[in-house]
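# Structure at a glance
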Amino acid sequence: MQKRTVTFFYRLFGPKNRHVAVGDVVNDYTFWVMVQSSAATASSSDSAPTTDQRLIWINGNLIPRSEAKVSVFDHGFLYGDGVFEGIRIYNGQIFKLRSHLVRLMESAERIHLDPKLSIDEIEDLTRQTVAANNLQDGYIRLILSRGEGTLGLNPFSCPEPGVICIADSIRLYPEEMYRDGMKVIVAERPRIPVECLDPSVKSLNYLNNILAKCEALRQGLYEAIMLNTKGEVAEGTGDNIFVVKDGVVSTPAPDAGFLLGITRQFVIDTVAPACQHSVLERTLHLEDLYDADEIFLTGTAAEVIGVSKIGDRIIGNGKVGPISQKFTKTFREMVAQGAPED
Ligand SMILES: Cc1ncc(COP(=O)(O)O)c(C=O)c1O
């Protein structure tokens, strides 16, 4: 079995696994368990509520976090049968709320899920949940699940959809990563083809992304870039991708098959023009990534983050490039004050 040294693990995750010392050589299994437990600690502590005072919206009621439970017969739980959104709150404004709600409703329609609520009603319950939790900055998780049914696959055995809204805090990546750049890999696992399950549907079934993310975590990294089955660049496991070459900013065209990110669209429509750039949507291949002067990722959770390395390949000069820096700064300024809610 392959052996790994613990040193680099400590650099990435900090001294969380005190039962192993820096310089220890561990086998692949031990290493994998360490990465898993560290990553789990990192993500739970990053997003866990600071108190148990959070109120969660479940099917018409605001319920304390400790009592917020769904049925084990909910097809969202049994089969990943449902759709969701992740939305940021910046300084009291719910960033691009309408766009997220539109995408949620479209995703629901595409999996034949009738939420039995109008878009305005879902907006209203979202605002109520944010207000009940007194959040000025944070993250909203809005979920429409198929609801409780029988153990069979038949979605129409579930008469009432589940409508859940969680409003909480979030911190995805350490600040140094925004300054120094993020190291990523290209996943071996391709993005699920459009004909099988269109990645532009933001469904509760994220196993394709999770397994690609495991490839990154296995190497001590946080993010993986996914190609489609034709070998074209699609997206990250939880973000969209942009490349810069000779001053030209490009991003994959939608037919590559990926989630049409709200942040991606905001970057194309608003951030790029403010930075005196336009964005070209085109087919990107692996060589475009390796040959790029700069790469950055965009997403609700990740926001705008530069990439310094892909696998063994250093991108540009191995730091966050000037255009990526400018986009990150402009994005942050734009959302800090009066983030648009449309
Ligand atoms: C697979 C995937 N791609 C892209 C994104 C970025 O989308 P957005 O900017 O709407 O958060 C996300 C995040 O939701 C995602 O999960």
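This is a predicted model, so every value here is computed, not measured. (Residues numbered from 1 in each chain as written. Predicted model: local features only at pLDDT ≥ 70, side-chain atom pairs only at ≥ 80, totals over all residues.)

### A closer look at the overall build of the protein
The test is simple: Only DSSP runs of H or I with at least four residues qualify as helices, and only runs of E with at least two residues qualify as strands; both kinds are numbered from the N terminus onward. Exposure in this text rests on C-beta crowding, where 20 or more other C-beta atoms within 10 Å of a residue's own make it buried, 12 or fewer make it exposed, and counts in between make it partly exposed. The C-beta atoms are placed from the backbone. The contact criterion used is a C-beta to C-beta distance within 7 Å, with each C-beta placed from the backbone.
Looking only at helices and strands, one finds 10 helices and 17 strands in the protein. A buried classification covers 40% of the 342 residues belonging to the protein. Residue pairs at least 24 apart in sequence account for 69% of intrachain contacts in the protein once pairs closer than 6 positions are excluded.

### Here's the deal with the packing of helix H8 (residues 262–274) against helix H10 (residues 322–336)
Formally: Angles run from 0 to 180 degrees between N-to-C directions of axes, and those axes are lines fitted to C-alpha atoms, restricted for helices to the stretch in contact. Should an angle fall under 35 degrees it is called roughly parallel, over 145 degrees roughly antiparallel, and 65 to 115 degrees roughly perpendicular, with every other angle called oblique. If you view the pair so one helix is near and one far, a crossing is left-handed when the near helix is turned anticlockwise from the far one by less than a right angle, and right-handed when it is turned clockwise. Just so you know the grouping, Ala, Val, Leu, Ile, Met, Phe, Trp, Tyr, Cys and Pro go in nonpolar, Asp, Glu, Lys and Arg go in charged, and all remaining residues, Gly too, go in polar.
As a packed pair, H8 and H10 sit with axes 9 Å apart at the nearest point and diverge in direction by 110°. Classified by the interaxial angle, the pair formed by H8 and H10 is roughly perpendicular. For the pair H8 and H10, the crossing hand works out as right-handed. Contacts between H8 and H10 involve Val267, Thr270, Val271 and Ala274 on the former and, on the latter, Phe327, Thr330, Phe331 and Met334. Among the residues making up the contact of H8 with H10, the classes are represented as six nonpolar, two polar and no charged.

### Let's talk about the environment of Gly92
Within the secondary structure, Gly92 sits in the loop between strand E5 (82–90) and strand E6 (93–94). When the C-alpha positions of Gly92 and Ala336 are compared, they lie 9.7 Å apart, and in sequence the two are 244 residues distant.

### Notes on the site of the ligand
What counts here: Using a C-beta atom placed from the backbone, a residue is scored as near a molecule or strand whenever that atom is within 6 Å of it.
In the region of the ligand, 15 residues are neighbours, and Gly261, Ile262, Thr263, Gly299 and Thr300 sit closest. Elements supplying a minimum of two residues to the shell around the ligand: H8 and strand E15 (294–299). Per-element tally for the shell around the ligand: the top contributor is H8, with three residues. Of the residues contributing to the shell around the ligand, the split by class is three nonpolar, nine polar and three charged.

### Digging into the sheet that holds strand E4 (residues 61–64)
The condition is simple: Here, a strand pair is defined by DSSP locating no fewer than two bridges between the strands.
Taken together, six strands build an open sheet; the order of strands is E4-E3-E8-E7-E5-E6 and the sheet is antiparallel. Edge positions in the sheet fall to E4 and E6, since each has one partner strand and no second. Bridge count for strand E3 (residues 55–58) against E4 is four bridges, and the pairing is antiparallel. From the neighbouring strand, Ile58 faces E4, where its bridge partner is Asn61. Sitting on the sheet, helix H4 (residues 97–110) touches E5, E6 and strand E7 (138–145), and the angle it makes with E5 is about 175°.

### A short note on H4
Inclusion rule: For a helix, the expected span equals 1.5 Å multiplied by the residue count minus one. This arc corresponds to the set of directions leading from the helix axis out to the C-beta atoms.
With 14 residues, H4 extends 20 Å from end C-alpha to end C-alpha; this agrees with the ideal 20 Å at 1.5 Å per step. For H4, the full list of buried residues reads Leu97, His100, Leu101, Arg103, Leu104, Ser107 and Ala108. Projected down its long axis, H4 carries its buried residues within an arc of 160°, all on one side. Contacts from the buried residues of H4 go to E5, E6, helix H5 (119–132), E7 and H8. Backbone geometry just downstream of H4 places His112 in the positive-phi region, at approximately 60°.

### So, the pairing of E15
The buried count for E15 comes to six of six residues, which makes it a mostly enclosed element. As paired elements, strand E12 (residues 240–245) and E15 share five bridges and run antiparallel to each other. Its bridge partner lying in E15, Val243 is registered against Ile295. In this sheet, strand E16 (residues 303–310) lies alongside E15 in antiparallel orientation, the contact comprising five bridges. Across the sheet, residue Phe296 finds its bridge partner in E16, namely Gly306. Adjacent in sequence and paired antiparallel, E15 and E16 are bridged by three residues.

### Focus: the pairing of E12
Here E12 lies mainly inside the structure; five of its six residues are buried. The pairing of E12 with strand E13 (residues 248–252) spans three bridges and is antiparallel. Bridged to Lys245 within E13 is Val248. In this structure, the hairpin formed by E12 and E13 is closed by a connection of two residues, where Asp246 is found at a positive phi of approximately 50°.

### A few points about the packing of H4 against H5
Interaxial distance between H4 and H5 falls to 10 Å at its minimum, and their mutual angle equals 125°. Put simply, H4 runs oblique to H5. Relative to H5, H4 is oriented so that their crossing is right-handed. Here H4 contributes Leu97, Leu101 and Met105 to the contact with H5, which in turn contributes Ile119, Ile122, Glu123 and Thr126. Broken down by class, the residue content of the contact of H4 with H5 amounts to five nonpolar, one polar and one charged.

### Regarding the confidence of the model for the protein
Here is the rule we go by: The predictor attaches a confidence to each residue, called pLDDT, with possible values from 0 through 100.
The pLDDT averaged across the protein works out to 89; a share of 85% of its residues lies at or above 70. For residues 1–49, every residue scores under 50 in pLDDT, and the model assigns this stretch 49 contacts once sequence neighbours within four places are set aside.

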